[in-house]
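Observations on the model geometry
Residues per chain, in single letters:
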Amino acid sequence: MRNRRSETSSILRNVDWPTIIIYVLLVVCGVFSIYAASYDFDEASLFSIDEFSGKQIRWIGLAFAIGFIILLIDARMYETYAYPIYIAVIILLIVTPFIAHGIKGSRSWISFGSMSLQPAEFAKFATALALAKLFSGYQFVLNARFSNYVAAITIIILPVILILAQNETGSALTFMALFFVLYREGMSGLILFSAMLAVIIFVVAIKFTETAVLGIPTGEFAILLMIMAIMTGMSVMYSRRTEIGRNLLIGFASVGLILWILTGPCGLEVPALAIILSSIAIACIYIIVESVRRRRSKMLIACGAALFSIAFMFSVNFAFNQLQPHQQQRIKVVLGIEEDLRGAGYNVNQSKIAIGSGGFFGKGYLNGTQTKLKYVPEQHTDFIFCTIGEEKGFVGALVVIGLYIALILRVIAIAERQPKTFGRVYAYCVASYFIFHFCINIGMVIGLCPVIGIPLPFLSYGGSSLWGFTILLFILLKFDQNRRTELR
Amino acid sequence: MRKNYNLEKRKYVISGFIIVIALIYLIRLFDLQIQDSRYKASADSNAFLKKTIYPSRGLIYDRNDQLVVYNQPAYDVMLIPRDVQPFDTVDFCRTLNITPEQLVKRFADMRDKRLNPGYSAYTPQRLIAQLSSQDYGRLQEKLYRFPGFFIQKRILRQYNRPTAANVLGNIREVSSKDIENDDYYTLGDYTGDLGVEKSYERYLRGQKGVEILIRDARGRIQGRYEDGAHDIEPVSGRDLRLSLDIKLQEYAESLMVGKRGAVVAIEPATGEILCLASSPGYDPRLLVGRERGNNYKRLLDDESWPLFDRAIMASYPPGSTFKPTQGLIFLQEGIIDLNTPYPCHGGYINGGLRVGCHPHAAPLPLKPALQTSCNAFFCWGFKAMIDRRSKYGSSAAAFEIWKNHLVSMGYGYKLGVDLPGENRGFIPNAKFYDKYYKEGRWSANTIISVSIGQGEILATPLQIANLCATIANRGWFVTPHAVKQIQDTVMPAEYLERRRPTIDLKWFEHVAEGMRMAVTGGTCRRAALPDIEVAGKTGTAQNPHGNDHSAFMGFAPYRDPQIAVAVYVENGGWGATYGVPIGSLVIEKYLKGTIAPDRKPMEEQMLNSRIYYAKPKK
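Here is a short report on the structure shown in this document. Just so you know, the residues in each chain are numbered from 1, in the order the chain's sequence is written. Written order decides the labels, with chains lettered from A and ligands numbered from 1. Only residues with pLDDT of 70 or above have their local features reported here, since the model is predicted, and side-chain atom pairs are shown and tallied only from 80 upward, although totals for entire chains, interfaces and linings are computed over all residues. Heavy atoms throughout the structure, all of them, feed into the side-chain values; hydrogens and water do not.

**A word on the overall build of chain B**
Helix and strand content of chain B: 23 helices and 20 strands. Within chain B, residue pairs in contact and separated by at least 24 positions form 71% of the contacts whose partners lie at least 6 positions apart. Only the protein chains shown count as covering a residue, and every accessible area follows the Shrake-Rupley method with a 1.4 Å probe. Accessible surface computed for chain B: about 27,200 Å², of which carbon and sulfur atoms make up 52%. Strands are runs of DSSP state E lasting at least two residues, helices are runs of H or I lasting at least four, and both sets are numbered from the N terminus onward. By the convention used here, residues are in contact when the closest approach between their heavy atoms is within 4.5 Å.

So this is what it looks like as structure tokens:
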């Protein structure tokens, strides 16, 4: 008996308790929110097995068991079997569409009796393990060889393709977050920055074409402003001279002032686009002159970034206008720009109303009306944050966001204290997934991101997602627990 | 292990990134929840009512732009259970002409999750479907007394003429399976059932719109949300123009009254179906409105199967209307030439087998054989082909070639008509007989009756009409179709392309000539019209259900065919008894518009004759 107890306590010894506390808080918060989201005034019970909350409680119980089992298993097992686990999951993903029963166009669920599992959720930890295994290879340095990039990107892309084939665009996009890991391990920050810039330019250029500023579509105008800011920032960063930035800012501001005076008080028609483009061109010449004078060739990156951004912006618009109207429509729907026929835009509007009506302290638990009236779709899964925003108000939202930030920062801290590359890379994978899900899900609910249907970790209703994230987190905790024995 | 401290700094970039995002989100939330008053204004448990606006369904016209199917409004009484307050039930029942018991039952049904799986106390539920316009008017006036109730306008179908129900189809409420298969539908929507309503559902239905209304805490509608800025306009469905001539359809149906069977007429050059009558038919208006359920059940239980579209769903032995295909195959395969004579001693007598025939001059070549519908000729030809081992190697190999020719003429597989439920008919293949008689144990004589369209051979009236159109065109056809035009859309290519059987064009003229001779001096003399050259072929098909089936196919005018028609009358006796008169009347009506005076008695006879069908044995 004593022996057994000491065994249990040794399993929980050295576990990172702050992470577990945040995990439990989020999961419990999830049950109450799911209950509120599917609450019916007439007939309801928190633990009823028919209700979503009752099922979620059952899944949480299993999740705890899974977490405990993971802590029991020797940490070296995961490292040893990283590739076999990855390959097994890939095979499962290949098989899934053939044995899955389709739910509204998606073929990603496998049924076991009354229960359904989504293998895509389990691809997350498998891919993280494989990536960590790759990076922990003997004297592996990402930037040393181009083939290292090929291997890393292959590991990431394989599940993406297979999950796309199941019609689960949202889950597939999640893996893009792993580029954060590549960045941490040495990939140039410029790549990450350019990729984000490209996405922003693409979306903004297509999204805001209805209105115009100074005769330029609002989207393009905003991008041009952004390009000016980036030029200024980059030239300061690479020259380490603030006066260059100051000069550029003064130049841009005066051009803006002149444009405003000409069009506003004077009421003249001016070729604003040409003027802005030429002012950027002049700024480029100025930067080139400065870079030659100060012998800082890196400053030219600022010019390059500006030119590429402008070229990209115009080619996006040009290419987009070449498409057939129905293809344009399709892209707009996928990006959540245009309201599709089932009204994704309408849904986001409803979700904003629900959150907005919450006020500072919220309407009180179970008193939300917007979510109760079932105007918000998927309110117990992807739109669960809505319920919190409505019933708990700004304070509740702040607490939940705070919990996620604490979790993500804690995982990063755990990552950095790992003695081995394997543990660190794996931990960064975990952090990246959380970052992506957090940003996209909450951004979608409050109308800042396109509608991409992915769950909010630990809060959204659903067994697969809960178990997937639990496995992800507890394998990390196991590595972390073992780090001291590794040092010895 | 050496750490790269330069890279370790990147943790600050990643951490910084997520903190900045979180800050942006918090600012946004602050703006949504505290700054923006638009959302706060609706904080007192106000809510929106998302009302579906149903688009009007596409109208259906016939080929002469006669309106056939149009829309009529109906009104559903809806309610949101949570918003309903105690109301004057007596007044409510009196307004709608129902008894309180009926009302109580309706409420119980609505709450029953087995009958209404989508029930929720917070979303609109339907209490009573399809009010009459009088009831609607009375309720509309008093609606303010019944908070929580509202009226939803729906679109029902209405028909100008009691005809063509099998082609037009009707609309029904969607089933849970429809909802699962197609995101467009929600509970209570309508979808096309049978006919073009089903096959062209995607074009006819249009796009639903949404109207967003604001209501207060008591469920009272306060007006439109932001003046309809977020509403979605419905898009009307597309109109269809049928290839059907609705008057010809009506005429064909009237000729078939009292008989079971089908009349199919096709415009040969385009494959457009001019009429597709199935008898007995039914009035499409029976399947509209509140009585739909009862009427549907009654039609389903009717032992004469009015819901069964015999024109495309029934497969009959084609009988002698099949003989032209045999002539074509024998010519193509070089089994006969135009002058090859075969004997007929009152039938085909060979190897202890006898297939009877009626008296006529013999021996005779192909054209007179078609003219007199000689059974023996086609049996001899069939034997010559199937048993010609020197050319084909085996009977089975020869039979496969024979079968492939027939398939190319549209037999044995669905033609691909744009109506649901088409039957493929039946043409056996060699394997079928190998299994039935054991491999190598059968030859032409074993299966001789297929050569005269009996035995295993089955075809739909549509396939027979299509063969007639192919001969009228002298060697090609267009897949038959009932819709000529879809508004703002191009017809699918399959209904525009010519399909070519594997028979050389040159042979068709001779078969057509044989069919012309059958009218001028053969089995279908009654089909002759005063100033139009008609070509035709009778069929008399033996069957296990009683008297022979009476069949006919014919086209006219002979030189420039405008119409190809097939008639099939169950248990009608000789082809010349019902098939020929009905077919020729349809041709005359279509080409001339009226029936010649000396043919009026024949028309009278067809309109009034009835065939007695015994009740099927249970």
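What follows continues from the structure just given.
**Here's the deal with the overall build of chain A**
Secondary structure summary: chain A contains 19 helices and four strands in total. Think of it in three bands: with a 1.4 Å probe and only protein chains considered, a residue is buried below 20% of the maximum accessible area for its type, exposed above 50%, and partly exposed in between. A burial count over chain A gives 52% of its 488 residues as buried. Only carbon and sulfur atoms are counted for the fraction: they give 67% of the accessible area of chain A, which is about 21,900 Å².

**Section: the layout of surface pockets**
Estimates place the volume of the second largest pocket at around 850 Å³. Among the residues forming the lining of the second largest pocket, the class breakdown is twelve nonpolar, eleven polar and eight charged. Here a cavity denotes grid points, spaced 1 Å and computed from the protein atoms alone, that fit a 1.4 Å probe unable to get out, and a pocket denotes an open set having protein on both sides within 12 Å along at least 5 of 7 lines; residues with an atom within 4 Å of a point are the lining. Grid points are joined across faces, edges and corners, and a volume is the space filled by probe spheres set on the points. The nonpolar class holds Ala, Val, Leu, Ile, Met, Phe, Trp, Tyr, Cys and Pro. Asp, Glu, Lys and Arg form the charged class, and all remaining residues, Gly among them, are polar.

**Considerations on empty space enclosed by the protein**
Residue and element names in this part refer to chain B. Taken as a whole and judged by the stated rule, the model has five cavities of 30 Å³ or more. Approximately 190 Å³ is the volume attributed to the largest cavity. Along the wall of the largest cavity there are 13 residues; nearest its centre are Tyr54, Pro55, Arg57, Tyr190 and Arg205. A per-class count over the lining of the largest cavity returns six nonpolar, one polar and six charged.

**As for the side chain of Ser395 of chain B**
Residue and element names in this part refer to chain B. Note on placement: Ser395 falls in helix H18 (residues 395-408). With a relative accessible area of 4%, Ser395 lands in the buried category. Contacts described as polar in this section are N or O atom pairs within 3.5 Å, which, within protein, must combine one atom able to donate a hydrogen with one able to accept it, while residues neighboring in sequence count only if both atoms come from side chains. A distance of 3.3 Å separates the side chain of Ser395 from the backbone oxygen of Ile386, its partner in a polar contact. One polar contact links Ser395 to Arg389, side chain to side chain, over a distance of 3.2 Å. Excluding residues within four positions of it along the chain, Ser395 makes contact with Ile386, Asp387, Arg389, Trp442 and Ser443.

**Description of the environment of Arg296 of chain A**
Residues and elements named next belong to chain A. Looking at the element boundaries, Arg296 is found in the loop between helix H13 (272-294) and helix H14 (300-322). The exposure class of Arg296 is partly exposed, given its relative accessible area of 35%. Through-space distance from the C-alpha of Arg296 to that of Ser239 is 6.5 Å; in sequence the pair is 57 residues apart. Residue contacts for Arg296: discarding those within four places in its chain leaves Tyr238, Ser239 and Ser291.

**Re the packing of helix H6 (residues 119-135) of chain A against helix H18 (residues 421-445) of chain A**
Residue and element names in this part refer to chain A. Note on geometry: axes are lines fitted to C-alpha atoms, helical ones only across the stretch in contact, with angles between N-to-C directions running from 0 to 180 degrees. Interaxial distance between H6 and H18 falls to 8 Å at its minimum, and their mutual angle equals 145°. In this structure, the crossing between H6 and H18 has a hand that is right-handed. Here Lys124, Phe125, Thr127, Ala128, Leu129, Leu131, Ala132, Lys133 and Phe135 of H6 lie close against H18, whose contacting residues are Thr421, Phe422, Val425, Tyr426, Cys429, Tyr433 and His437. The residue makeup of the contact of H6 with H18, split by class, is eleven nonpolar, three polar and two charged. Take the far helix as your reference; a near helix turned counterclockwise from it by less than a right angle gives a left-handed crossing, and one turned clockwise gives a right-handed crossing.

**Focus: unusual backbone geometry**
Residues and elements named next belong to chain B. Residue Pro280 follows Ser279 across a cis peptide bond; omega there is 0°. Looking along the chain, the bond that leaves Ala556 and enters Pro557 is cis, with omega of -15°. Here Pro557 is to be found in the loop between strand E19 (549-556) and strand E20 (563-569). If you check the backbone angles, Asn97 has positive phi at about 60° while not being a glycine. With respect to the helices, strands and loops of the structure, Asn97 is situated in the loop between helix H4 (89-96) and helix H5 (100-111).

**With respect to the pattern of salt bridges**
The salt bridge definition used is simple: a Lys or Arg side-chain nitrogen within 4 Å of an Asp or Glu carboxyl oxygen. Tallying each qualifying case throughout the model produces 47 salt bridges over all chains. Between Glu272 of chain B and Arg63 of chain B there is a salt bridge, and its shortest N-O distance comes to 3.0 Å. One end of the pair, Glu272 of chain B, is in strand E12 (residues 272-279); the other, Arg63 of chain B, is in the loop between strand E2 (60-61) and strand E3 (67-79), with 209 residues separating them in the sequence. The pair Glu272 of chain B / Arg63 of chain B is uniform in exposure class, with both members buried. Here the residues in one salt-bridge network are Asp16, Arg410, Arg417, Asp480 and Arg483 of chain A, joined through shared partners.

**Let's talk about a nonpolar patch on the surface**
Patch criteria: residues need more than 30% relative accessible area and no salt bridge. Like-charged residues are merged within 9 Å; nonpolar side chains of Val, Leu, Ile, Met, Phe, Trp and Tyr are merged within 5 Å. On the surface, a nonpolar cluster with roughly 680 Å² of combined accessible area is contributed by Tyr83, Ile87, Ile91, Ile94, Val95, Phe98 and Ile99 of chain A. Within the element layout of this structure, Ile99 of chain A appears in helix H5 (residues 82-99).

**Re the packing of aromatic side chains**
For any pair of aromatic rings, geometry is given as the distance between the ring centres together with the angle between the planes. All names here are of chain B. Stacked, edge-to-face and tilted are the three classes for Phe, Tyr and Trp ring pairs, Trp counted by its six-membered ring, which pair at centre distances within 6.5 Å; planes under 30 degrees apart are stacked, over 60 edge-to-face, the rest tilted. Considering all chains together, one arrives at 45 aromatic pairs over all chains under this definition. Ring centres 5.1 Å apart and planes at 75° place the aromatic pair Phe377 and Phe378 in the edge-to-face group. The buried category is assigned to Phe378, whose relative accessible area is 0%. Ring plane angle 65° and centroid distance 5.4 Å describe the contact between Phe426 and Phe432, whose orientation is recorded as edge-to-face.

**A few points about H14 of chain A**
An expected span of 1.5 Å times one less than the residue number is assigned to each helix. The end-to-end C-alpha distance of H14 of chain A, which contains 23 residues, comes to 33 Å, matching closely the 33 Å that a straight helix rising 1.5 Å per residue would cover. Of the residues making up H14 of chain A, those classed as buried are Ala302, Cys303, Ala305, Ala306, Ser309, Ile310, Met313, Val316, Asn317 and Phe320 of chain A.

**Notes on the pairing of strand E11 (residues 261-267) of chain B**
Residues and elements named next belong to chain B. Counting buried residues along E11, seven of its seven residues qualify, which places the element largely inside the surrounding structure. In E11, alternate side chains face the same way, and those of Gly261, Val263, Ala265 and Glu267 on one face and Ala262, Val264 and Ile266 on the other are all buried. Any two strands with at least two DSSP-identified bridges between them are counted as paired. Pairing geometry for E11 and E12, over seven bridges, is antiparallel. Counterpart to Ile266 in the pairing with E12 is Ile273.

**Examining helix H3 (residues 52-72) of chain A**
In this model, H3 of chain A (21 residues) spans 30 Å end to end at C-alpha, consistent with the 30 Å of a helix rising 1.5 Å per residue. Within H3 of chain A the residues assigned to the buried category are Ser53, Gly54, Gln56, Trp59, Ile60, Ala63, Gly67, Ile70 and Leu71 of chain A.

**A look at the sheet that holds E11 of chain B**
Residue and element names in this part refer to chain B. On the basis of which strands lie adjacent, the open sheet formed by five strands has the order E12-E11-E20-E19-E18 and antiparallel pairing. Since the sheet does not close on itself, it has two edges, and those belong to E12 and strand E18 (535-541), each with one partner. Averaged over all neighbouring strand pairs, the angle between strand axes comes to 5°, with direction disregarded. Here helix H21 (residues 505-521) sits on the sheet and contacts E18 and E19; the angle it forms with E18, its principal contact strand, is near 80°. Of the strands in this sheet, E11, E12, E18, E19 and E20 are in contact with helix H22 (residues 579-592), which crosses E20 at around 150°.

**Some remarks on the nonpolar core**
Core analysis: the largest hydrophobic core is formed by 113 residues, its most contacted members being Phe385, Ile401, Tyr426, Phe438 and Phe458 of chain A. Ranked by the residues each element gives to this core, the list is headed by helix H17 (residues 384-416) of chain A, at 17 residues. Contact partners of Phe438 of chain A, with chain neighbours within four places excluded, come to Ile401, Tyr404, Ile405, Ile408, Gly443 and Leu456 of chain A together with Ile18, Ala22 and Tyr25 of chain B. We define the nonpolar core as a collection of buried residues of types Ala, Val, Leu, Ile, Met, Phe, Trp, Tyr and Cys that are connected through side-chain atoms lying within 4.5 Å of one another. Counting 101 residues, the second largest nonpolar core, distinct from the first, contains Leu370, Cys379, Phe382 and Val417 of chain B.

**Observations concerning the side chain of Asn350 of chain B**
Among the secondary structure elements, Asn350 of chain B is positioned in strand E13 (residues 347-350). Excluding residues that lie within four positions of it along the chain, Asn350 of chain B makes contacts with Trp380, Lys383 and Asn445 of chain B.

**Comments concerning the pairing of strand E14 (residues 353-356) of chain B**
Residue and element names in this part refer to chain B. As paired elements, E13 and E14 share four bridges and run antiparallel to each other. When the bridges of E14 are listed, Asn350 appears paired with Leu353. Count of turn residues in the E13/E14 antiparallel hairpin: two residues, of which Gly351 carries a positive phi of about 55°.

**Quick look at the environment of Ala164 of chain B**
In this fold, Ala164 of chain B is placed in the loop between strand E5 (149-159) and helix H7 (165-168). Sequence separation between Ala164 of chain B and Cys275 of chain B is 111 residues, and the spatial gap between their C-alpha atoms is 8.5 Å.

**Comments concerning the packing of helix H14 (residues 323-332) of chain B against helix H16 (residues 375-386) of chain B**
All names here are of chain B. Taken N-terminus to C-terminus, the directions of H14 and H16 make an angle of 40°; their axes are 10 Å apart at the nearest point. Relative to H16, H14 is oriented oblique. For the crossing formed where H14 meets H16, the hand is left-handed. Contacts from Lys323, Gln326, Gly327, Ile329 and Phe330 of H14 reach H16 at Asn375, Phe378, Gly381, Phe382 and Met385. Partitioned by chemical class, the residues of the contact of H14 with H16 number five nonpolar, four polar and one charged. When an angle is under 35 degrees it counts as roughly parallel; over 145 it counts as roughly antiparallel; between 65 and 115 it counts as roughly perpendicular; any other value is oblique.

Nothing here speaks to function; it is geometry throughout.
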